[in-house]
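Coordinates in review
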Amino acid sequence: MEEPTTAPPPKAEAPFPLTVRFTTSLPDLDLDIPLPSRTTIITLKSLIRASLPPSHSLNRLRLIYSGRLLPDSSLLTTVLKPPPPPPPQADRKGKAPVPPTQRIYINCSIGDALSAADLASEASSARAPSPAAPVAAPTTTAAQPRGFDRLLTSSFTPAEVGALRLQFMAVQASMHTPDTMPSPTTLRRMEDAWLDDNGSGGGVAEVEAAGGRWMICCGGM
């Protein structure tokens, strides 16, 4: 009599170590998501909102990754890609040390205040996650928008893009004098860098300009 075969136990899901970077002067927020395959973007928004100070906890949140707005219904595993771990380096005793945790960086735009009904709807949706397949972006040969104007193709309104740009400009104004403020062209490059960096530069993005090199502090903007 043949012994029944048993299926191997399911492999434990690797958590997603997230770092959220805000468009305001709020410090970075670290969140470790234990079940990313069951966590939607709107659930993540709820977790972020619970960690915000009262002055921002009722505002609209938009999450951006690699220059793309993340849809509320998408699961984290369908829209986020964890960075590969760094190669281990052997120490003097010949033992390979445990590599540091590589975090996934997401940008968070803080917008206008939400109504009580909007907040209740978000909380209800966060309790009922649903999977969603990623949507491929259409290809086009037309000139592509620059900087935060790219978000106009991701359901941001012109007013919301303008508010985001004002927040960004306020941070830059606090770091420069009127004589050293970047040019409009350089500012657009800095906006592109902020959208696309996702922390790969260690929290600081560099943008080449005609007058030198500008440094953007992406963390705690």
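Residues numbered from 1 in each chain as written. Predicted model: local features only at pLDDT ≥ 70, side-chain atom pairs only at ≥ 80, totals over all residues. Heavy atoms only, no water.

Two elements in contact, helix α1 (residues 41-51) and helix α3 (residues 116-126), have axes whose closest approach is 8 Å; the angle formed by their N-to-C orientations is 120°. Compared by their axis directions, α1 and α3 come out oblique. The handedness of the crossing between α1 and α3 is left-handed. From α1, Ile42, Thr43, Lys45, Ser46 and Arg49 reach across to α3, where they touch Leu119, Glu122, Ser125 and Ala126. For the contact of α1 with α3, the residue count by class is three nonpolar, three polar and three charged. (Axes fitted to C-alpha atoms, helices over the stretch in contact; angles between N-to-C directions. Helix = DSSP H or I, 4+ residues; strand = E, 2+ residues; numbered from the N terminus. Parallel < 35°, antiparallel > 145°, perpendicular 65-115°, else oblique. Left-handed = near helix turned anticlockwise from the far one by under 90°. Contact = heavy atoms within 4.5 Å. Nonpolar A, V, L, I, M, F, W, Y, C, P; charged D, E, K, R; others polar.)

Turning our attention to the pairing of strand β2 (residues 29-33). Residues Leu29, Leu31 and Ile33 line the buried face of β2, whereas the alternating positions Asp30 and Asp32 sit on a face that is not buried. Inspection of the sheet shows strand β1 (residues 16-22) paired to β2 by five bridges, in the antiparallel sense. Note on β2: the bridge partner recorded for Thr19 is Asp30. Between β1 and the antiparallel strand that follows it, β2, lie six residues. (Buried < 20%, exposed > 50% of the residue type's maximum accessible area, 1.4 Å probe, protein only. Pairing = 2+ DSSP bridges.)

With that out of the way, let us pick up helix α4 (residues 158-175). Compared with the 26 Å implied by 1.5 Å per residue over 18 residues, the 26 Å span of α4 between its first and last C-alpha is a close match. When α4 is considered as a whole, its buried residues turn out to be Val161, Leu164, Arg165, Phe168, Val171 and Gln172. One side of α4 holds all its buried residues, which, seen down the axis, span an arc of 120°. Away from its buried face by more than 90 degrees, α4 exposes Ala159, Leu166 and Ser174. (Expected span 1.5 Å × (residues − 1). Arc of directions from axis to C-beta.)

For Thr153, the location among the structural elements is in the loop between α3 and α4. Looking at Thr153, the relative accessible area reads 66%, which means it is exposed.

In this section: the confidence of the model for the chain. Mean pLDDT over the chain works out to 75, with 68% of the residues at or above the 70 mark. The model gives residues 199-221 a pLDDT under 50, and that stretch makes 62 contacts with residues more than four places away or in other chains. (pLDDT = per-residue confidence, 0-100.)

Further remarks concern the environment of Thr101. Of note, Thr101 is situated in the loop between α2 (76-79) and β5 (104-113). Residues Thr101 and Pro17, spaced 84 residues apart in sequence, show a C-alpha to C-alpha distance of 7.8 Å.

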